[in-house]
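As a plain string of letters, each chain reads:
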Amino acid sequence: MNISKYLLSILAVLFSAAGARSQSIETASGLYAQYQLEIVIAVAGLVCVVALLALFTALYALKSIAALEHPEEKVVRESWWQKFWSSINRAVPVEQEATVMTSHEYDGIKELDNRLPPWWLYGFYFTILFGIGYLLHYHVFGSGDLQQAEYDKEMAQAKAEVETYLASQGNRIDESSVTFSDDPGDLAAGKQIYDANCLVCHGAEGQGVVGPNFTDKYWIHGGDMPSIFSTIKYGVPEKGMIPWETQLTPKQIQQVASFIYTLEGTNPPNPKEPQGELFERGESTTSEESEAI
């Protein structure tokens, strides 16, 4: 048993070293100290596991040596694993196979009539009970949703969640529902977006440069809010205007469209010649768009 004492001493030294190391790490601060503590604990645990395996291996070797020195004291005992394996498989020992031998023989190989393993039988019984419960739950009582119904419910829930999220973000706006916003905050935000993205092509005051003039009553793609919103959102690629729907949110497109909407009727210096068709907004159109906010 000297080996056992030696291994136990090693374990004691390892535990004391790990404890001292963990105490020193606990006094450290910062993210590195936290990870260092975890690493030390993990390594100490791994070392302990390896040491325990080595201890059990040594004890088993000593036991085997003792059994070889005293063969008369050797008693054959079935291990717990062998007992467990036999119980779950209900296998007949080789020396007792004659009790389950059948008269069938093929090429010198005799057929045995072993009973089915209990684990297989109980598993089969469970599948029968599960199938009956499944049938009653889904197809008889209708207390559970079938795949299509469950899919439809999940899709409806997901759609509702998306709409709720978009509503909270002000992103339910599209070309069919957009309205003019005269909110000072929206107009100020729209001007910032215009200055950052539209000024180069349309001028600082909307007078038009490469792009058309926003201050007159002539519009190429329509001068009402849905038309302006749609033009910004989808762009005019054939004329060099990119679609902005991937770079601006619907709320931001509404803001910049509202700002552009207010440019009509202003008189900037050096305006570009009119382009497109005359579009008369009229009092009724303006009032309807304002009341719809």
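Relevant structure appears above.
What you see is a predicted model, and the numbers here were worked out from it, not measured in a lab.

1. Description of the overall build of the chain
Here comes step 1: A count of helices and strands for the chain gives ten helices and four strands.
Here comes step 2: Starting at the N terminus, the α and β elements of the chain follow one another as α-α-α-β-β-α-α-α-α-β-α-α-β-α.
Here comes step 3: Considering only intrachain contacts with a sequence separation of at least 6, the fraction spanning at least 24 residues in the chain is 65%.
Here comes step 4: Summing over all exposed atoms, the chain offers an accessible surface of approximately 21100 Å²; the carbon and sulfur share of this is 61%.

2. Structural notes on the pairing of strand E2 (residues 109–112)
Here comes step 1: Two elements, strand E1 (residues 101–106) and E2, share three bridges in a ladder whose sense is antiparallel. If you follow Glu105 over to E2, its bridge partner there is Lys110.

3. Observations regarding unusual backbone geometry
Trans is the prevailing form of peptide bonds, just as negative phi is the prevailing case for residues other than glycine.
Here comes step 1: Of note in the backbone geometry, Asp107 takes a positive phi value of approximately 55° without being a glycine.
Here comes step 2: Relative to the helices and strands, Asp107 resides in the loop between E1 and E2.
Here comes step 3: The exposure class assigned to Asp107 is exposed, which follows from its relative accessible area of 81%.
Here comes step 4: In this model, Asn270 sits at a positive phi of 55°, which is unusual for a non-glycine residue.

4. Some points on the packing of helix H6 (residues 184–197) against helix H9 (residues 250–262)
Here comes step 1: At a minimum axis distance of 7 Å, the contact between H6 and H9 shows a crossing angle of 90°. When the axes of H6 and H9 are compared, the pair comes out roughly perpendicular. Contact residues: Asp186, Leu187, Ala189, Gly190, Lys191, Ile193 and Tyr194 in H6; Lys251, Gln252, Gln255, Val256, Ser258, Phe259, Ile260 and Thr262 in H9.
Here comes step 2: Of the residues contributing to the contact of H6 with H9, the split by class is seven nonpolar, five polar and three charged.

5. Observations regarding the pattern of salt bridges
Here comes step 1: Counted according to the given criterion, the structure contains six salt bridges.
Here comes step 2: As a salt-bridge pair, Lys233 and Glu175 come within 3.2 Å of each other at their nearest N and O atoms. Taken together, the positions of Lys233 in helix H8 (residues 225–234) and Glu175 in the loop between helix H5 (147–169) and H6 put the pair 58 residues apart, joining distant regions of the chain.
Here comes step 3: We classify Lys233 as buried; its relative accessible area is 15%.

6. Observations concerning the side chain of Asn89
Here comes step 1: On the secondary structure map, Asn89 appears in helix H3 (residues 80–89).
Here comes step 2: Here the side chain of Asn89 touches Trp85 through a polar contact of 2.8 Å, landing on its backbone oxygen.
Here comes step 3: Separated by 3.3 Å, the side chains of Asn89 and Trp119 make a polar contact.
Here comes step 4: Residues within four places of Asn89 in sequence aside, it is in contact with Pro117, Pro118 and Trp119.

7. Some details on the nonpolar core
Here comes step 1: Counting 21 residues, the largest nonpolar core has Tyr194, Phe214, Met225, Ile228, Ile232, Val256 and Ile260 as its most contacted members.
Here comes step 2: Counting residues per element, the ones that place at least two in this core are H6, H8 and H9.
Here comes step 3: If we skip the residues at most four places from it in the chain, Val256 touches Gly190, Ile193, Tyr194, Cys198 and Ile232.

8. Observations concerning the packing of aromatic side chains
Here comes step 1: What the rule picks out here adds up to twelve aromatic pairs.
Here comes step 2: Judged by centre distance (6.0 Å) and plane angle (80°), the rings of Trp80 and Trp81 are edge-to-face.
Here comes step 3: Relative accessible area serves as the criterion here: at 68%, Trp80 is assigned to the exposed category.
Here comes step 4: Judged by relative accessible area, Trp81 falls into the partly exposed class, the value being 44%.
Here comes step 5: The cationic tip of Arg281 hangs over the ring face of Tyr261; the distance from NZ or CZ to the ring centre is 3.5 Å.

9. Observations regarding the packing of H8 against H9
Here comes step 1: Where H8 contacts H9, the axes come no closer than 9 Å and their chain directions differ by 125°. Overall, the two elements H8 and H9 adopt an arrangement that is oblique. Once H8 is placed against H9, the crossing between them reads as right-handed. Contacts between H8 and H9 involve Met225, Ile228, Phe229, Ile232 and Lys233 on the former and, on the latter, Pro250, Ile253, Gln254, Val256, Ala257, Ser258, Ile260 and Tyr261.
Here comes step 2: When the residues that make up the contact of H8 with H9 are grouped by side-chain class, the tally is ten nonpolar, two polar and one charged.

Basis of the calculations
- Residues numbered from 1 in each chain as written.
- Predicted model: local features only at pLDDT ≥ 70, side-chain atom pairs only at ≥ 80, totals over all residues.
- Heavy atoms only, no water.
- Helix = DSSP H or I, 4+ residues; strand = E, 2+ residues; numbered from the N terminus.
- Contact = heavy atoms within 4.5 Å.
- Areas by Shrake-Rupley, 256 points an atom, 1.4 Å probe, with all protein chains shown as cover.
- Pairing = 2+ DSSP bridges.
- Buried < 20%, exposed > 50% of the residue type's maximum accessible area, 1.4 Å probe, protein only.
- Axes fitted to C-alpha atoms, helices over the stretch in contact; angles between N-to-C directions.
- Parallel < 35°, antiparallel > 145°, perpendicular 65-115°, else oblique.
- Nonpolar A, V, L, I, M, F, W, Y, C, P; charged D, E, K, R; others polar.
- Salt bridge = Lys/Arg side-chain N within 4 Å of Asp/Glu carboxyl O.
- Polar contact = N/O pair within 3.5 Å; in protein donor to acceptor, adjacent residues only side chain to side chain.
- Core = buried A, V, L, I, M, F, W, Y, C linked by side-chain atoms within 4.5 Å.
- Phe/Tyr/Trp six-rings, centres within 6.5 Å; stacked < 30°, edge-to-face > 60°.
- Lys NZ or Arg CZ within 6 Å of the ring centre and 35° of its normal.
- Left-handed = near helix turned anticlockwise from the far one by under 90°.

Functional significance is not addressed by these values, which are geometric in nature.
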